[in-house]
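The primary structure of each chain is shown beneath.
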There are 2 protein chains.
Amino acid sequence: MTHLAIIGGSDAGISAALRARELDPTADVTVVVADEYPNFSICGIPYYFTGEVQPWQSLAHRTSADLEATGMTLRLNTFATGIDVAGRRLEVRNPNGLSEQIAYDELIVGAGALPSHAGITGLDRLGPADGVHVIHSMGDTFALDHDLTTRQPASAIIVGAGYVGLEMAEAFTARGMQVTQLQRGPEVLSTLDPELGALVHQELDAHSVEVITNTTAVGIEKTPAGLAVTGTRQGESFQQTADLVLVVVGVRPNTELLERAGASLGAGGAVVVDERMRTGLPHVWAAGDGIVTHHRLLGLTYLPLGTTSHKQGRVAGENAIGGDRAFAGSVGTQVVKVFDLVAARTGLRQHEAEAAGYAPSTVAAAADDHKRYYPGAHPIQFRITGDTTDGRLLGAQLVGRRGTEVAKRVDTYATALHAGLAVDQISDLDLSYTPPLGSPWDAVQVATQAWDAQHRLAATPA
Amino acid sequence: MTHLAIIGGSDAGISAALRARELDPTADVTVVVADEYPNFSICGIPYYFTGEVQPWQSLAHRTSADLEATGMTLRLNTFATGIDVAGRRLEVRNPNGLSEQIAYDELIVGAGALPSHAGITGLDRLGPADGVHVIHSMGDTFALDHDLTTRQPASAIIVGAGYVGLEMAEAFTARGMQVTQLQRGPEVLSTLDPELGALVHQELDAHSVEVITNTTAVGIEKTPAGLAVTGTRQGESFQQTADLVLVVVGVRPNTELLERAGASLGAGGAVVVDERMRTGLPHVWAAGDGIVTHHRLLGLTYLPLGTTSHKQGRVAGENAIGGDRAFAGSVGTQVVKVFDLVAARTGLRQHEAEAAGYAPSTVAAAADDHKRYYPGAHPIQFRITGDTTDGRLLGAQLVGRRGTEVAKRVDTYATALHAGLAVDQISDLDLSYTPPLGSPWDAVQVATQAWDAQHRLAATPA
């Protein structure tokens, strides 16, 4: 019987615990959870604030009772404070504030990430009580909810226009608040090319979100007129005031415990693991947003995503009880719904591929989600990146209206990337077709054919 | 300059012509079209009858003018009557009824398929003027439309409950007709397992379509009470009467021209071609519903589908002008919308895999299309078939409500089948996730994990 201790009650930790219990019902699995909300869907929080998800308890992927029914032990409100690698003991502070030790045979660390502050001053002093928020945990959620309910703020500045920032802009708008969205770069959703980010920007405009790009927030302060975000905008100084400020500018890996235990840091400052989730410390595994990401096109990088944490946790859970599973690697697939638009990407963009040593070219295309003669057809906008030397597919970005199956169309590219297909092999794929839902050449193939036509790698005419 | 003649103005022929013109703008391409409706979307005809597609002209993928603008020549209302292989001449009957010869360097035959009559007597005597219809061409479409408009039939019997039969049941229902659907086998949509066909059956029930299974139609006759379909039902004789009868019981390859020219027939009685669409006759290529289908899991079979015809035509068009492209093979991906349900399949089912020499096992699973906490989640029903000896994915079937992205979820499996992935490698795929549109393990992965859990191929617990 393996005594398995796991730090972290989010995606990676719980996936590891579930997999270990599934494969070895004799395994003694203890999960140390810093708060009392294990296995909550952090990605779902914006939909709590839109009002679409009620009550907050339904954000749990599984309840504590569900989890315990699998045979794992949950230690809630228990904070991991140290790892004695040689002695195989985990040191925790229990809910009573007392230090305690948990002996283990194997340890999996899923300590996750922490919200980045991006050097914005004031975030050390100002918090939820002042109307200044981050949103990374259920605790943050309750604090924001309390603030919204009690103060009824009429306006908000959201610093950041990435996935969470955009979703929260939708949520605040749904609550009747006037939202200003600040973005450092030239266009929102900077994980996509600006040509596609511009479509998301239009969608924000259409829903009366004020978008201010090319603006770097440097500080937040309380003023008589409200909370002021100060910064720079194209060389000029910038200031805007609102009743509430939400800072969502990304995350940084939470590495402290493993660093102190002697683990190495790598890409993005995250803990280095191999593809089997070994940290290099004996009997210590790690998974999730605190570790480097093995990427099928980039090698080692740092790309924290919930889907990846689930996969890494599952691998760690299997290996910690004696398995030999390798994490097959991310291809960076991501999707976001912003009001009535869906934007997705997988693989690499032009500049990312160039930086990684590929010889990429990126081609734009548009294709209807289904036959235009059938009601409700809408164009999907694509950008396809392929390698000009060998024709390999490197990445795809797509934006379409909700209902155009963009989220699952990107999966065809993701699967093709996983398999290492060439751009022109996308046309070989036997994709489904019926006029209400597709075309004889699916939109994903129309887009890659546009790339091919431009590069004519496929053709060998007489 | 290649003089390329093409027989057939549907998917295969037009795809070939477009590809040839795309790759070699000097190619002289003549397409011989038996009627005056080249490049019509035959798959869209049911939606003309629902009233969703109007006018019928919008069913054209491209107009004749669009096609001619690419530089091809269309010979409409021109019927190919013979091939002089040695002399490289195509004999046609022109619109004036006169015989004419067209010299060619290369010939591509896309003669398509003909509606099957399944041995039903009366189909030789009774036709549209009697209220008895098939639906395979625009001519059939106009004849049915005329009958519906002039006679206003109140009831219809549809013989067959495959894709077109189901779509036409929806169309007739939308027009206020009472529909009886006859199915030879034990469940509708026999291309899926009956457990999933039953869901489609329920959908038909819910829309007041009378479904009669286990019933073989053997004859159609005119009676004073209307058109009578006679047959056998579980050993008993069967008769039902309606104002209109539509027979949609599949197709058979139209091989006559190529057979007379000396081509060989193979699977399903279709013309044998290699993966480059060579018929074995010098300078004669073929593509589409008249030829055998190269299938990545089955080898040679006969599986006529529009998507496949497009691909085969594109290969033939490329090779006829000097290219060297191979058709990569079908995996049998199909999807149909029936009222508010979508049913899809790819790869092989249990009995098909057994017949092909695999050692399959099929496991059922259900998974929500997106996180249940977000409004509008619906379960998708899956059946996953994998090989028990090596874990290879062999097939997937799925049924879900419209809007659950079933059509593009099947594409993930289709792409995985194309790449030869194992069932447990589906969990390695980096599929997209956002709560309104998916789950951290996408539904397609939940389903394959259910297969894995049952077979535990993936697990190597201590």
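Conventions used here
Residues numbered from 1 in each chain as written. Chains lettered and ligands numbered in written order. Predicted model: local features only at pLDDT ≥ 70, side-chain atom pairs only at ≥ 80, totals over all residues. Heavy atoms only, no water. Helix = DSSP H or I, 4+ residues; strand = E, 2+ residues; numbered from the N terminus. Buried < 20%, exposed > 50% of the residue type's maximum accessible area, 1.4 Å probe, protein only. Polar contact = N/O pair within 3.5 Å; in protein donor to acceptor, adjacent residues only side chain to side chain. Contact = heavy atoms within 4.5 Å. Core = buried A, V, L, I, M, F, W, Y, C linked by side-chain atoms within 4.5 Å. Least-squares fit on C-alpha atoms with pLDDT ≥ 70 in both. Phe/Tyr/Trp six-rings, centres within 6.5 Å; stacked < 30°, edge-to-face > 60°. Lys NZ or Arg CZ within 6 Å of the ring centre and 35° of its normal. Buried area = accessible area lost by both parts, 1.4 Å probe. Salt bridge = Lys/Arg side-chain N within 4 Å of Asp/Glu carboxyl O. Nonpolar A, V, L, I, M, F, W, Y, C, P; charged D, E, K, R; others polar. Pairing = 2+ DSSP bridges. Axes fitted to C-alpha atoms, helices over the stretch in contact; angles between N-to-C directions. 1 Å grid on protein atoms, 1.4 Å probe; cavity = no way out; pocket = protein on both sides within 12 Å on 5 of 7 lines; lining within 4 Å. Points joined across faces, edges and corners; volume = space filled by probe spheres on them. Domains from an automatic or database assignment.

A.B. asks: Account for the side chain of His310(A), with residues named and values stated.
C.D. replies: Along the chain, His310(A) falls in helix 8 (residues 306-320). Under the relative-accessibility criterion, His310(A) is labelled buried at 6%. Within the local environment of His310(A), its side chain forms a polar contact with the backbone oxygen of Gly306(A), the two atoms lying 2.9 Å apart. Those residues within four positions of His310(A) in sequence are excluded, and the remaining contacts are Asp11(A), Ser15(A), Pro440(B) and Trp441(B).

A.B. asks: Break down the nonpolar core for me, with residues and values.
C.D. replies: In terms of nonpolar packing, the biggest core is built from 51 residues, with Val29(B), Val31(B), Ile83(B), Leu90(B), Leu107(B) and Leu258(B) touching the most fellow members. Counting residues per element, this core draws most heavily on helix 1 (residues 11-23) of chain B, at seven residues. Contacts of Leu90(B), omitting those with residues within four sequence positions, involve Ala5(B), Ile7(B), Val32(B), Ala80(B), Gly82(B), Ile83(B), Glu100(B), Gln101(B), Ile102(B), Tyr104(B) and Leu107(B). Counting 50 residues, the second largest nonpolar core, distinct from the first, contains Val31(A), Ile108(A), Leu257(A) and Met277(A).

A.B. asks: Quick one: what's the story with the relation of the copies chain A and chain B, residue by residue and with numbers?
C.D. replies: Least-squares fitting of chain A to chain B yields an RMSD of 0.0 Å, with the superposition described by an axial translation of 0.0 Å and a rotation of 180°. Classification of the inter-copy transformation places it as that of a two-fold axis. In this assembly the copies share their binding face: 100% of the residues contributing to the interface of chain A also contribute to that of chain B.

A.B. asks: Any chance you could break down the packing of aromatic side chains for me, citing the residues and the numbers?
C.D. replies: Per the stated rule, a full pass over the model turns up 16 aromatic pairs over all chains. Aromatic side chains Tyr37(A) and Phe40(A) sit 5.7 Å apart centroid to centroid with 80° between the ring planes, which places their arrangement in the edge-to-face category. By the burial criterion, Tyr37(A) is buried, and Phe40(A) matches it. Ring centres of Tyr48(A) and Phe49(A) lie 5.3 Å apart, and the angle between their planes is 65°; on these two criteria the pair is classed as edge-to-face. Across the pair, exposure class does not vary: Tyr48(A) and Phe49(A) are buried alike. Among the aromatic residues, those joined into a ring-pair cluster are Tyr37(A), Phe40(A), Trp56(A) and Phe142(A). Above the ring of Trp441(B), the side-chain terminus of Arg314(A) is found at 5.4 Å from the ring centroid.

A.B. asks: If you had to explain the interface of chain A and chain B to someone new, which residues and values would you point to?
C.D. replies: Tallying the contact residues gives 73 residues for chain A and 75 residues for chain B. The contact between chain A and chain B buries some 6,700 Å² in all, and 56% of this surface belongs to carbon and sulfur atoms. Per-residue buried area on chain A facing chain B is highest for Tyr373(A), Lys408(A) and Asp430(A); these three make up 12% of the total on that side. Between chain A and chain B we count four salt bridges in total. Its salt-bridge partner being Asp442(A), residue Lys408(B) comes within 2.7 Å of it at the nearest N-O pair. Between chain A and chain B we count 34 residue pairs in polar contact (both at pLDDT 80 or more) in total. Those elements that provide at least two residues to the side of chain A that touches chain B are helix 1 (11-23), helix 8, strand 21 (334-338), helix 10 (406-419) and helix 11 (443-455) of chain A. Here the element with the most residues in the side of chain A that touches chain B is helix 10 of chain A; it accounts for 11 residues. Tallied by class, the residues present in the side of chain A that touches chain B amount to 31 nonpolar, 21 polar and 21 charged.

A.B. asks: Kindly report on the sheet that holds strand 24 (residues 379-387) of chain A, identifying the contributing residues and their values.
C.D. replies: Residue and element names in this part refer to chain A. Read from one edge of the open sheet, five strands run 21-22-25-24-23, paired in antiparallel fashion. Two strands close off the open sheet at either side, each with one partner strand: strand 21 and strand 23 (360-368). Geometrically, the sheet is characterised by an average inter-axis angle of 10° between neighbouring strands, direction not taken into account. Strand direction decides the pairing type here: strand 23 and strand 24, joined by nine bridges, are antiparallel. Directly across from Ala367, in strand 24, lies its bridge partner Ile380. Strands strand 21 and strand 22 (341-347) of the sheet are contacted by helix 5 (residues 163-174), whose axis makes an angle of about 20° with strand 21.

A.B. asks: Run through empty space enclosed by the protein, naming residues and quoting values.
C.D. replies: Applying the stated criterion across every chain yields a total of six cavities of 30 Å³ or more. In this model, the largest cavity occupies a volume close to 100 Å³. Together, Asp424(A), Ser427(A), Asp428(A), Trp441(A), Lys311(B), Arg314(B), Val315(B), Glu318(B), Arg325(B), Ala326(B), Phe327(B) and Ala328(B) line the largest cavity. Residue composition of the lining of the largest cavity, grouped by class: five nonpolar, one polar and six charged. In this structure, the second largest cavity occupies an estimated 90 Å³ of space. Lining the second largest cavity, in full, are Lys311(A), Arg314(A), Val315(A), Glu318(A), Arg325(A), Phe327(A), Ala328(A), Gly329(A), Ser427(B), Asp428(B) and Trp441(B). A class-by-class count of the residues in the lining of the second largest cavity yields four nonpolar, two polar and five charged.

A.B. asks: Outline the domain arrangement of chain A, listing residues and values.
C.D. replies: Residue and element names in this part refer to chain A. When its domains are assigned, chain A resolves into domain 1 (3-113 + 252-320), domain 2 (128-249) and domain 3 (334-455). Look at where the C-alpha atoms of domain 1 and domain 2 centre, and you get two points 30 Å apart. The interface of domain 1 with domain 2 comprises 13 residues on the first partner and 15 residues on the second. When domain 1 packs against domain 2, the two sides together hide about 1,300 Å² of surface, and 73% of this comes from carbon and sulfur. Along the contact surface separating domain 1 from domain 2 lie zero salt bridges. Linking domain 1 to domain 2 there are four residue pairs in polar contact (both at pLDDT 80 or more). Counting residues per element, the side of domain 1 that touches domain 2 draws most heavily on helix 2 (residues 45-49), at five residues.

A.B. asks: I'd like a rundown of the sheet that holds strand 14 (residues 226-233) of chain B, residues and numbers included.
C.D. replies: All names here are of chain B. In space, the three strands of this open sheet follow the order 13-14-15, with antiparallel pairing throughout. Sheet topology places strand 13 (215-223) and strand 15 (236-242) at the edges, where each strand pairs with a single neighbour. Mean inter-strand twist for the sheet, computed between neighbouring axes without regard to direction, equals 25°. For strand 13 and strand 14, the ladder comprises eight bridges, and the chain directions are antiparallel. The residue of strand 14 that forms the bridge with Glu221 is Ala228.

A.B. asks: An account of the pattern of salt bridges is needed here, citing residue identities and associated values.
C.D. replies: Scanning the entire structure with this criterion turns up 40 salt bridges over all chains. Because the salt bridges share partners, they merge into one network encompassing Arg19(A), Glu22(A), Glu318(A), Arg325(A) and Asp424(B).

A.B. asks: Run through unusual backbone geometry, naming residues and quoting values.
C.D. replies: For residues besides glycine, phi is generally negative; the peptide bonds are generally trans as well. Residues and elements named next belong to chain A. Omega for the peptide link from Gln54 to Pro55 comes to -10°, which places this bond in the cis form. When you line up the elements, Pro55 lands in the loop between helix 2 and helix 3 (64-69). One non-glycine residue, Ser208, adopts positive backbone phi at about 65°. Its relative accessible area of 52% is what places Ser208 among the exposed residues.

A.B. asks: How would you explain the side chain of Thr301(A) if you had to name every residue and give the values?
C.D. replies: Residue and element names in this part refer to chain A. Within the secondary structure layout, Thr301 lies in strand 20 (residues 299-301). Judged by its relative accessible area of 18%, Thr301 falls in the buried class. With residues up to four places along the chain from it excluded, the contact list for Thr301 reads Ala267, Val292, Thr293 and His295.

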